[in-house]
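What the coordinates show
Residue strings, one per chain:
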Amino acid sequence: MKMNFSELASVNKDNVIIYLVGDDKKLSAGARDLDKKASGLISKAMTNSGFNGKLGKTMCVALASGARADYAMLVGIGDIKKLDATALEKIGGSVVPQLNSLRAVSATLLIEDIKISGITTAEAAACIANGTRLRSYNFDKYFTKKTADEKPTLKNFTVALSGAKAAAKPYAKLAAVSDGVEFTRNLVSEPANIINPETLAEQCRTLEDLGVEVQVLGEEEMYKLGFGALLGVGQGSAVESQLVVMRWNGLGKASKEAPLAFVGKGVTFDTGGISIKPAAGMEEMKWDMGGAGVVIGLMKALAGRKAKINAVGVVGLVENMPGGNAQRPGDVVTSYSGQTIEVLNTDAEGRLVLADALWYTQKHFKPKFIVDLATLTGAIIVALGTSRAGLFSNNDKLSDQLSKTGAKVGEEVWRLPLGEVYDKQINSDIADMQNIGKEREAGSITAAQFLQRFVNNTPWAHLDIAGVAWSKKDAEITPKGGTGYGVRLLNQLVEDFYEGKP
Ligand code: BES
Ligand code: MN
Ligand code: ZN
C-alpha cells in the first residue's frame, strides 16, 4: 500500500473521498460543499441510513459522473473530545473493508477544520494512516488462483491535511512499529512445515540488517549448558531446537546499562507430544510460537525506530512431536537452573521451554525486568476470552505499567493472582516440581507459578497470550489471523516508561 500525505488544497480527484464526521453529525466545509453541489445527496443519505457518526461507522454514496470522486464516504469519529491515537487508528482501519468492497484502488481522507486535543493534526494524520495500513494487511501468499476481482483493490491511500509535511516523521515512527507487527503476523500465520525451529531462527537473523545482534544456540550448545527442560520438549522432533538471543543496543555498544528483557515461547508446532492432542483443531498449534513471534517483531520495531534503550529478546524454539525419541510422561529432566522437573504431561511443554530461556536470560543479562509472552494455556481463554491477555507478575510497578499501556494502545491485559496456595500445586513426589498442577483448576495460574520458579527475583511479568495471538474475526486494525498482539503494547511500554530514563 502506498501511503501519502498531501495538502487539503491540492486534493483534486480520487476514486473515493472520505470525510470525518463526529457524533454531532455536522459536515465539514468540504463535505457541505459537495453536499450542496450534489443537491443534498449526502445529507439525505445520512438521514435515510441512520448514519450516527459513531466511531468507525461508515456510509457511502455514489456521485454523479463529473464529480470529484466516484464515491463520497463518511466515517464516524464519535465524540471528538474522546479522540486519541488509538481511536484515530481505528478510524483509519474501519474504512478499509468499505473501500475494498467499493473496489476502490485509491482513496483520500480529508482532515478538515477539526482540532483534536493533546495531539497535532500531523500526528492525527499519521495515526489514521497507520490504522489503514494495519487493517490492510493480508496473508495471501499461498493463493495461486485468485483473480484480480477476488483480491483487495486498495493500493493508494492519501491523508490530506494542512501542514502535510509534518506528518512524515510521526508516520515513519509508527510505520517502524507496524513493520514489527506485520513481521509477527507473517511468522504466526506461516504453517509449521515452513516455520520450524531452524527456519524461525533464520528469520531472526534478518534483523541483523537493522543492527540487531543475533546469536543462535543449537542443541549441542544447549546440551553443554544443561538445558534439560527445553531439549526434552524438542527431542521427538526431526528438527533441531534453538535458542535465539537478539540484542538491540540502542544506547550504544559501550553502554553498560542493564537491558530490558523479553522472552518468548516458540513452539513451532504443538502436537502435545506423547500426551497427544485431539485431532480437531490441532492445526491451530502452528501458532504456538506466537510469544516468540511477538518478541521477534518487537525487536524489529525497537531497532526499526532506533529506540534509545538496551533490549534483549530471547526465544526458545522447539517442535513438540511424538515419536520413538520423544519424552514420556513421568520423565524427570534437569533444567538449566539445576531444578528438576517431573514431566507428567508432555503437552504442558511451553513452561518447560520457558524455564530454561528465563533462567538463561536472568543469569546472563541481569536485566531491569523480564516480560515473557507465551500461548501457554487453554485455561486463559476460558477465563478471559479473546480480548485480553492474562498478566501475572511478581512486581506491582511493572504490572501497573503494563495495564496502563495495554489500555492506551488497545492491547489490554488483566492481572491474575500468584501465591503460595497455587505454588504448592506443582510440588512433585519425585522431583523439585511437576509440570502440571495436582488439580485441573487454576491452570493458567499454576503455569505462571511454574515460570516464577525460574526468574530468581528479577522483576518479571508473564503474559499468557493464548486467547489473543490469533483472531477468528476481523477487528478495526487487525484482520483475522495472526494478530501481532503484544508488539504495540511492549513497544509503548518501553517508550513511555523506560526510554531516556536512567
Ligand atoms: N499451546 C497450548 C495452549 C493453547 C491451547 C494455546 C489452545 C492456544 C490455544 C499448551 O502447550 C498446552 O497444551 N497447554 C495445556 C496445559 C495442560 C496440559 C496442563 C492446556 O492448556 O490444555
Ligand atoms: Mn501443549
Ligand atoms: Zn503449547
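Residues numbered from 1 in each chain as written. Chains lettered and ligands numbered in written order. Predicted model: local features only at pLDDT ≥ 70, side-chain atom pairs only at ≥ 80, totals over all residues. Heavy atoms only, no water.

Coordination sphere of the manganese ion (ligand 2), protein contribution only: Asp-270 (OD), Asp-347 (O), Asp-347 (OD) and Glu-349 (OE), at 2.0 to 2.2 Å. Here the manganese ion (ligand 2) binds six donor atoms, and the angle range of 70 to 166° at the metal identifies the geometry as irregular. Each donor residue of the manganese ion (ligand 2) belongs to the same chain, and together they define the spacing D-x76-D-x1-E. Taken as a pair, the manganese ion (ligand 2) and the zinc ion (ligand 3) show a spacing of 3.1 Å, with Asp-270 coordinating each metal. Of the two residues, Asp-270 is situated in strand E9 (residues 260–270) and Asp-347 in the loop between strand E12 (340–343) and helix H10 (350–365); the sequence distance between them amounts to 77 residues. Classification of Asp-270 by relative accessible area gives buried; the value is 3%. By relative accessible area, which is 23% here, Asp-347 ends up partly exposed. (Donors = N, O, S within 2.8 Å, 3.2 Å for Na, K, Ca; no water. Tetrahedral: all angles 85-135°; square planar, octahedral: opposite > 155°, others 65-115°. Helix = DSSP H or I, 4+ residues; strand = E, 2+ residues; numbered from the N terminus. Buried < 20%, exposed > 50% of the residue type's maximum accessible area, 1.4 Å probe, protein only.)

Here we come to the sheet that holds strand E10 (residues 310–320). In spatial order, the strands read E7-E8-E10-E9-E13-E17-E14-E15; together these eight strands make up an open sheet with mixed pairing. Across the chains shown, the open sheet's two edge strands, defined by having one partner strand only, are strand E7 (213–217) and strand E15 (413–415). Going across the sheet, the axis of each strand differs from the next one's by a mean of 20°, ignoring polarity. Across four bridges, strand E14 (residues 389–393) lies against strand E17 (residues 460–464) in antiparallel orientation. Within E17, the position partnered with Leu-391 by the bridge is Leu-463. (Pairing = 2+ DSSP bridges. Axes fitted to C-alpha atoms, helices over the stretch in contact; angles between N-to-C directions.)

Distances from the zinc ion (ligand 3) to its protein donors, namely Lys-265 (NZ), Asp-270 (OD), Asp-288 (OD) and Glu-349 (OE), fall within the range 2.0 to 2.4 Å. Sequence positions of the donors to the zinc ion (ligand 3) reduce to the motif K-x4-D-x17-D-x60-E. You can call Glu-349 buried: its relative accessible area is 1%.

Next up on the list: the nonpolar core. Membership of the largest hydrophobic core comes to 57 residues, with the highest contact counts inside it found for Val-244, Met-246, Phe-262, Ile-296, Val-315, Val-371 and Leu-490. With nine residues, helix H9 (residues 290–304) is the single largest residue contributor to this core. Among residues more than four places away in sequence, those in contact with Phe-262 are Val-295, Leu-298, Ala-311, Val-312, Gly-313, Val-314, Phe-369, Val-371, Leu-490 and Val-494. Val-263, Tyr-336, Leu-354 and Ala-357 belong to the second-largest nonpolar core, a separate cluster that totals 39 residues. (Core = buried A, V, L, I, M, F, W, Y, C linked by side-chain atoms within 4.5 Å. Contact = heavy atoms within 4.5 Å.)

The full set close to ligand 1 counts 17 residues, and Lys-277, Asp-288, Asp-347, Glu-349 and Gly-378 are the nearest of them. In the model, an oxygen atom of ligand 1 is placed 2.9 Å from a nitrogen or oxygen of the Asp-270 side chain. Contact distances for ligand 1 include 2.8 Å between an oxygen atom and a side-chain N or O atom of Asp-347. Within the complex, 78% of the 520 Å² of free accessible area of ligand 1 lies under protein. Of the residues that constitute the shell around ligand 1, the class distribution is six nonpolar, four polar and seven charged. (Near = heavy atom within 4 Å. Polar contact = N/O pair within 3.5 Å; in protein donor to acceptor, adjacent residues only side chain to side chain. Areas by Shrake-Rupley, 256 points an atom, 1.4 Å probe, with all protein chains shown as cover. Nonpolar A, V, L, I, M, F, W, Y, C, P; charged D, E, K, R; others polar.)

Turning our eyes to something else, we now look at the pattern of salt bridges. Under the criterion given, the structure shown has 24 salt bridges. Measuring nitrogen to oxygen at the nearest pair gives 3.6 Å for the salt bridge that ties Glu-220 to Lys-224. Taken as a pair, Glu-220 and Lys-224 lie in helix H7 (residues 219–225) at a separation of four residues, close to a single helical turn. The exposure classification of Glu-220 matches that of Lys-224, with both residues exposed. For Asp-423, the salt bridge identified is with Arg-453, shortest N-O distance 3.1 Å. Residue Asp-423 is found in helix H13 (residues 420–423), and its partner Arg-453 is found in the loop between helix H14 (443–452) and E17; the two are separated by 30 residues along the sequence. (Salt bridge = Lys/Arg side-chain N within 4 Å of Asp/Glu carboxyl O.)

A few words on helix H3 (residues 85–101). Taken across its 17 residues, H3 has 12 buried, putting it largely inside the fold. One or two positions beyond H3, positive phi appears at Arg-103, with a value near 60°.

Our focus in this paragraph is the domain arrangement of the protein chain. According to the domain assignment, the protein chain contains domain 1 (2–163) and domain 2 (176–497). Between the C-alpha centres of domain 1 and domain 2 the distance comes to 38 Å. Across the boundary between the two partners, domain 1 contributes 14 residues, which contact 20 residues of domain 2. At the junction of domain 1 with domain 2, the criterion picks out five salt bridges. (Domains from an automatic or database assignment.)

This next bit is on the environment of Arg-328. Relative to the helices and strands, Arg-328 is located in the loop between E10 and strand E11 (331–334). A relative accessible area of 46% means that Arg-328 is categorised as partly exposed. Placed 54 residues apart in sequence, Arg-328 and Ile-274 show a C-alpha to C-alpha distance of 6.3 Å.

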